[in-house]
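The primary structure of each chain is shown beneath.
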Amino acid sequence: MAQLTMVEALNKALDEALAEDDRVCLMGQDIGVNGGVFRVTKDLQSKYGMDRVMDTPLAECGIIGTAVGMAVHGMRPVAEIQFSGFTLQAMDQIEQNMARLHNRTQGRFNVSMVMRTPFGGGIRAVEHHSESREAYWVHTPGLKCVIPSGPRNARALLKAAIECDDPVIFYEPKAVYRAFREEVPDEPESFELGKADLFRTGADVTLVTYGAMVRPVREAADDLADEHGIDTECIDLLTVSPMDTDTVIESVRKTGRCIIVHEGHRTCGVGAEIAARVTEDAFEHLVAPVRRITGYDIPFPYFQVEQHALPEADDIIEAVRDAMSWD
Amino acid sequence: MSSEPHTTSDQQASDPPDGAPSGKSGNEATPPPTTGAFNTRAIDPGRIECLQILNEHGRVEQGMAPNFTSEQLLEVHRAMVLSRAFDSRMLTMQRQGEMGTFAPSIGQEACMIGQVWPLTKDDWFAPSYRSFGAQIWRGWSMERLMKLWAGYHEGFAPPPDVNDYPFSIVIGAQVPPAVGTAMAMRRRNEPNCVVVNFGDGAFSQGAVAESLNFAAVDRAPVIFVCENNGWAISTPMTKQTRVDSLAIRGMGYGVPSIRVDGNDILAMMVAVRDAADRACRGEGPTLIEAVTFRMSLHTTADDPTVYRDEAEVAPWEGRCPIKRFEIWLANQGLLDADGCERVKAQCEAEVLAARDAFRESAEAKPREIFDYLYVDTPEVLERQKVEYFKRLDRKGVE
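Residues numbered from 1 in each chain as written. Chains lettered and ligands numbered in written order. Predicted model: local features only at pLDDT ≥ 70, side-chain atom pairs only at ≥ 80, totals over all residues.

Novice: Can you tell me about the sheet that holds strand E13 (residues 258-265) of chain A, naming the residues and giving the values?
Specialist: Strands belonging to one sheet form pairs held by backbone hydrogen bonds; the direction of such a pair is parallel or antiparallel. All names here are of chain A. Judged by pairing direction, the sheet is mixed, and its five strands sit side by side in the order E9-E11-E10-E13-E14 without closing on themselves. Unpaired on one side and paired on the other, strand E9 (197-200) and strand E14 (291-295) mark the two borders of the sheet. Averaged over all adjacent pairs, the angle separating strand axes in this sheet is 25°, with direction ignored. Pairing of E13 with E14, which is carried by four bridges, proceeds in the parallel orientation. Paired with His 265 across the strands is Gly 295, a residue of E14. With respect to the sheet, helix H9 (residues 245-255) is in contact with E9, strand E10 (205-209), strand E11 (232-236) and E13, its orientation differing from that of E10 by roughly 160°. (Pairing = 2+ DSSP bridges. Helix = DSSP H or I, 4+ residues; strand = E, 2+ residues; numbered from the N terminus. Axes fitted to C-alpha atoms, helices over the stretch in contact; angles between N-to-C directions. Contact = placed C-beta atoms within 7 Å.)

Novice: Before we move on, could you go through the confidence of the model for chain B and cite the residues and values that matter?
Specialist: All names here are of chain B. Summary statistics for chain B give a mean pLDDT of 89 and a share of 88% for residues scoring 70 or more. In this model, residues 1-35 is a region of pLDDT below 50 whose contacts with residues beyond four sequence positions or in other chains number 66 contacts. The model gives residues 39-46 a pLDDT under 50, and that stretch makes 23 contacts with residues more than four places away or in other chains. (pLDDT = per-residue confidence, 0-100.)

Novice: Account for unusual backbone geometry, naming residues and giving values.
Specialist: Looking along the chain, the bond that leaves A:Ser241 and enters A:Pro242 is cis, with omega of -5°. Topologically, A:Pro242 is positioned in the loop between strand E12 (239-241) and H9. Positive phi, close to 65°, is recorded for A:Asp30, a residue that is not glycine. When you line up the elements, A:Asp30 lands in the loop between strand E2 (24-28) and helix H2 (44-48). Despite not being glycine, B:Asn189 has its phi angle at roughly 55°, a positive value. Mapped onto the secondary structure, B:Asn189 falls in the loop between helix H5 (175-187) and strand E3 (194-199).

Novice: Hey, could you go over the interface of chain B and chain A for me, with residue numbers and the actual values?
Specialist: Listed as interface residues are 34 residues of chain B and, on the opposing side, 33 residues of chain A. Of all the secondary structure elements, the ones that give two or more residues to the side of chain B that touches chain A are H5, helix H6 (206-218) and helix H13 (379-395) of chain B. The biggest single contributor to the side of chain B that touches chain A is H5(B), with ten residues. Of the residues belonging to the side of chain B that touches chain A, the class tally is 22 nonpolar, seven polar and five charged. (Nonpolar A, V, L, I, M, F, W, Y, C, P; charged D, E, K, R; others polar.)

Novice: So what's going on with the packing of helix H3 (residues 60-72) of chain A against H6(B)? Which residues, and what values?
Specialist: Two numbers describe how H3(A) lies on H6(B): the axes approach to 9 Å, and their chain directions differ by 70°. In terms of orientation, H3(A) and H6(B) fall into the roughly perpendicular class. Contact with H3(A), carried on its side by A:Cys61, A:Gly62, A:Gly65 and A:Thr66, involves B:Gly206, B:Ala207, B:Glu210, B:Ser211, B:Asn213 and B:Phe214 of H6(B) and no other residues of that element. Grouping the constituent residues of the contact of H3(A) with H6(B) by class yields three nonpolar, six polar and one charged. (Parallel < 35°, antiparallel > 145°, perpendicular 65-115°, else oblique.)

In structure tokens:
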């Protein structure tokens, strides 16, 4: 059992996948000698060779499009896009082929591939390096979208994503990359995709989140219990498509209150879908309006002010206390 | 017949098609033409030679006859005739309301068949939507292709034993996966190649440019066949590009490139065979610009009289790829006029049989629309499916 950062845990998962299955290959910009700009693929090229850990030309659409073609011909590519802000260059191939080819061919072709990319704010980065656009992937039929929140689940979920026969967008919260260490088991571990992690039980309010926002939610939950005597039930979605809202609904039926926290834009964001499903399936149990604490509907702010635009524990505490004022 | 296949370097083109780059070259201060498909003004790096073996009068330049067997030649001829018969029947069926929108390919038969004829079952083909002649050659039944154009999902599914992509509706989107498949072949040490077809319009797409670069860098065994028919719906080559040959783009990526008379089946066969041989030997990609002409409509939803002078079409009738091939086959003593008529009648009968089979077997399957999206279908879709089935039940739809 080793104490790893998320970057190290992801590297471990990729290393294991490359060792176990010769169909697995990695591709992306600067992932080889350089080990990726965040070092997630560090030392893997020297271990597995240039054909399995490929430094590609600087062309996101080309990376994803060729990865699709490799998957169709029996390989299991894991393509890295350097920052999620650049994934839209690849949207053509994601939408036309990655997400659809299995359907278009009536199941004849599998697109068993993963697109890994770091997302989210909080690391004082330049424009287009801090976006949270997971709603695009949730909105695109044919994709699955996984968002880990810590080293251990990052490793286990990436393994599952690589093993998955459907195309997976693996969205890595880069604010968590080196934020803390966690014990990651030495033996292989793979979590089921599409299953949320209910990481704190409580009777008063359901908090739903994922990715880097799990940390402020934990912080708020501790504070609410210690300072205000409020028991929150906290859910880390882990997979946003398909979304395990059964776990959310079950919790809301118990608590009657639901607050969703994410970095991505509010309008038509993941929180909007959760709120809609809660309204459809737990309406009679609600005692307070469903609330969303999210990023605003603006381009992610330049980094001198980004700390003010990201949801934080105090927002959550305030929203929970407000929800508790309804009876 | 010469014993060696002809390739770019030692090839002297005879008459390039009108509208293809003429002898005029250099930096003449002539403004670009505002109508017509092709630039006639060479910019730089000068004139691109165009490989032609069989000229439009059905004559082969002395010493240039390739060494194909009569079986190969007759098989290719039949495929071209079948493609045209299919095209013509599809147009009729569309006009009679039996087909959806359909993209005719009359006049492009040499490109279609030439690009796939040397491929084996283990090679791959990624078509554009104006490639059905090639798809038939590759083993897609005409019945299946009719289903495709008539709006039945199963028409898009490649037959079980055919290694082809279904075509892509988004222009050029088929190209990056085709290159990826070739990259996988190289990594798996397979002695095979991929042919990917796209048009002059697609060559303006970023995805195509990125694909050429990926293929070059990876030395992927892929053959890019740019079927340049002069028009992308209403946009002529003159508005699509400021270069007069799309083949020069390949050179910029380090991809060996050749311009071929796309109405000359012998030139197409030679160029594609050589490119396939190179690819399978591990020598990387090739770009073939096949110069042809869109004789007919973009699709059945299109009216070219709105945007192009039909006088531009007439000269291309004289360059018909089938007619010139038949003249040559007759001169070679391989197929006389009666033989041509026989082939045509057989092909038409085959198309009619396919139409009957299509009418017999085409079946809309509304209860399958959720079935192919995922290998592992999410619960949320299963629930939507239940909801949808209730609607079908209410409407009395099986």
